[in-house]
Amino acid sequence: MSHLNPTEALRDSDGDQAGAPTYSGFGDFRMTRQRKVVYDVLMAERDHPTASEVFLRAKHVMPGISLATVYNCLETMTHAGLVKQVNVDREASRYCPNLRPHAHFYCSECQEISDVDLHLSASTATPWSLPEGAKIDHLEVSMKGVCPDCQARVLEKSR
Ligand SMILES: [Zn+2]
Ligand SMILES: [Zn+2]
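Residues numbered from 1 in each chain as written. Chains lettered and ligands numbered in written order. Predicted model: local features only at pLDDT ≥ 70, side-chain atom pairs only at ≥ 80, totals over all residues.

Topic: unusual backbone geometry
Phase 1: A positive phi angle, near 55 degrees, is found at histidine 48, a position not held by glycine.
Phase 2: You can see histidine 48 is positioned in the loop between helix H2 (33–44) and helix H3 (51–61).
Phase 3: By C-beta crowding, histidine 48 is classed as buried, having 22 other C-beta atoms within 10 Å.
Phase 4: The backbone of glutamine 111 sits at a positive phi, close to 60 degrees, despite the residue not being glycine.
Phase 5: Summarising the element assignment, glutamine 111 is placed in the loop between strand S3 (102–107) and strand S4 (113–117).
Phase 6: Note on glutamine 111: 11 C-beta atoms within 10 Å, which makes it exposed. (Helix = DSSP H or I, 4+ residues; strand = E, 2+ residues; numbered from the N terminus. Buried ≥ 20, exposed ≤ 12 C-beta atoms within 10 Å, placed from the backbone.)

As structure tokens, then:
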């Protein structure tokens, strides 16, 4: 069953924090200066910003960058598999540079999205009763609820 563990397969060599990542394995994707700025913005704060939020942050680094360019970069990088698009209901898409298998937790109070990692020992295949022989290549799980901060606030109010 060891080949059924996508966590292992996706744990790529560059990791997340290990300095300059290599972009091999992303087809003919080229890291241009603008794409680098957009990517760095996403990596700097893992708060799943929308394209307009990315644009506002990217402008600090590259004042000449346009919203259209940011959209373009995000689209190209999503396509190349460098970034994930996260959609909640019908709101504007948000972007996530975390390529490890993880779920998204959406707080209905503060509207923040946070990454939920798998327990180290878990495999993405374990919690669901997958049909025998099925293999997961892509995992997309979202949860909705109230984050710990908001939960504390709610409890405070009801006291
Ligand atoms: Zn994420
Ligand atoms: Zn919250």
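With respect to the pairing of S4
Phase 1: Pairing analysis gives 5 bridges linking S3 to S4, with the strands arranged antiparallel. Bridge pairing in S4 places histidine 102 opposite aspartate 117.
Phase 2: Taking the residues that link successive antiparallel strands as the turn, the S3-S4 hairpin has 5 residues, and the phi of glutamine 111 there is positive, at about 60 degrees. (Pairing = 2+ DSSP bridges.)

Re the environment of tyrosine 106
Phase 1: Within the secondary structure, tyrosine 106 sits in strand S3.
Phase 2: Since 21 C-beta atoms lie within 10 Å of it, tyrosine 106 is described here as buried.
Phase 3: Separated by 38 residues in the primary sequence, tyrosine 106 and lysine 144 place their C-alpha atoms 4.7 Å from one another.
Phase 4: Apart from residues lying up to four places away in sequence, tyrosine 106 is in contact with Val88, Ile113, Ser142, Met143 and Lys144. (Contact = placed C-beta atoms within 7 Å.)

Points about the confidence of the model for the protein chain
In low-pLDDT regions, the fine details of the predicted coordinates are not to be read closely.
Phase 1: In the predicted model, the protein chain carries a mean pLDDT of 82, and the fraction of residues at 70 or more is 80%.
Phase 2: Mean pLDDT per element in the protein chain: helix H1 (residues 6–10) is the minimum at 38, and H3 is the maximum at 97.
Phase 3: Per-residue pLDDT stays below 50 along residues 1–20; that stretch engages in 17 contacts with residues further than four places along the chain or on separate chains. (pLDDT = per-residue confidence, 0-100.)

A word on the nonpolar core
Phase 1: Among the nonpolar cores identified, the biggest contains 16 residues, and Val38, Leu42, Val54, Ala58, Val70 and Leu74 are the most heavily contacted of them.
Phase 2: Breaking this core down by element, the ones donating at least two residues are H2, H3 and helix H4 (67–80).
Phase 3: Per-element accounting of this core gives the leading share, 5 residues, to H2.
Phase 4: Ignoring any residue separated from it by four or fewer positions in sequence, one finds leucine 42 in contact with Val54, Val83, Tyr95 and Pro97. (Core = buried A, V, L, I, M, F, W, Y, C linked by C-beta atoms within 7 Å.)

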